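# Coordinate inspection notes
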Amino acid sequence: MTKTISSQLAKPDENKSPIDANLAELWLKLVEAVGFVSPFTRSYLVNAHSVSFNNNIFTIGFSYENKGHAKLLDNARNHKLIATKLSELGHPGAMVRFT
């Protein structure tokens, strides 16, 4: 079984599909969970957004002005931290990709 959750940037007042709402909710929980372990990592994630969660790959994106943050977060330690928190949130075996 393949899990697919996707998200597009939406205005806060727009209606969201259940998949988009689930991804947005997962993103908020993930940022909070990461923040308990590493406030430093959280400080960069608050400027990011969830892009998609397809084939067990959670994609995190940054706006153009925050693209440099992706390079700072894209390391083995943060991949492991985020994957661990995704597992704790019910998504074992998930991998992380930054865009």
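Here's a quick rundown of the structure. Everything quoted here is computed from the prediction, not taken from an experiment.

### Thoughts on the nonpolar core
In this structure, W27, L45, F58, I60, I82, L86 and F98 are the most contacted members of the largest nonpolar core, which totals 21 residues. Contributions of two or more residues to this core are made by α1 (18-37), α2 (39-45), β2 (48-54), β3 (57-62), α3 (67-73), α4 (76-88) and β4 (95-98). Among the elements that make up this core, the one with the highest residue count is α1 (six residues). Discounting chain neighbours no more than four positions away, the residues touching I82 are L30, V34, L45, I60, V96 and F98.

### Things to note about the packing of aromatic side chains
With the rule as written, the count across this model stands at four aromatic pairs. Look at W27 and F58: their rings are 6.1 Å apart centre to centre, the planes differ by 10 degrees, and that puts the pair in the stacked class. Here F58 lies in strand β3 and W27 lies in helix α1, a separation of 31 residues in the sequence. For W27, a relative accessible area of 9% corresponds to the buried category. A ring pair is formed by F40 and Y44, whose centres lie 5.0 Å apart and whose planes are at 75 degrees; its orientation type is edge-to-face. Here F40 and its partner Y44 are both found in helix α2, four residues apart, which amounts to about one turn of the helix. An aromatic cluster is present here, built from W27, F53 and F58 joined pairwise through their rings.

### Things to note about the pattern of salt bridges
Inspection of the entire model under this criterion finds two salt bridges. Between K85 and E88 there is a salt bridge whose closest N-O contact spans 3.0 Å. Residue K85 and its partner E88 are located together in helix α4, separated by three residues, close to a single helical turn. With a relative accessible area of 12%, K85 lands in the buried category.

### A word on the environment of G61
Secondary-structure assignment places G61 in strand β3. For G61, a relative accessible area of 1% corresponds to the buried category. Separated by 13 residues in the primary sequence, G61 and A48 have C-alpha atoms spaced 5.6 Å apart. Leave out the neighbours within four places in its chain, and G61 touches A48, H49, V51 and T99.

### Observations concerning the pairing of β2
Where β2 and β3 come together, six bridges link them in antiparallel fashion. Looking at the pairing, H49 lines up with G61 of β3. Joining the antiparallel neighbours β2 and β3 is a turn of two residues, in which N55 adopts a positive phi near 50 degrees.

The rules behind the values
Residues numbered from 1 in each chain as written. Predicted model: local features only at pLDDT ≥ 70, side-chain atom pairs only at ≥ 80, totals over all residues. Heavy atoms only, no water. Core = buried A, V, L, I, M, F, W, Y, C linked by side-chain atoms within 4.5 Å. Buried < 20%, exposed > 50% of the residue type's maximum accessible area, 1.4 Å probe, protein only. Helix = DSSP H or I, 4+ residues; strand = E, 2+ residues; numbered from the N terminus. Contact = heavy atoms within 4.5 Å. Phe/Tyr/Trp six-rings, centres within 6.5 Å; stacked < 30°, edge-to-face > 60°. Salt bridge = Lys/Arg side-chain N within 4 Å of Asp/Glu carboxyl O. Pairing = 2+ DSSP bridges.

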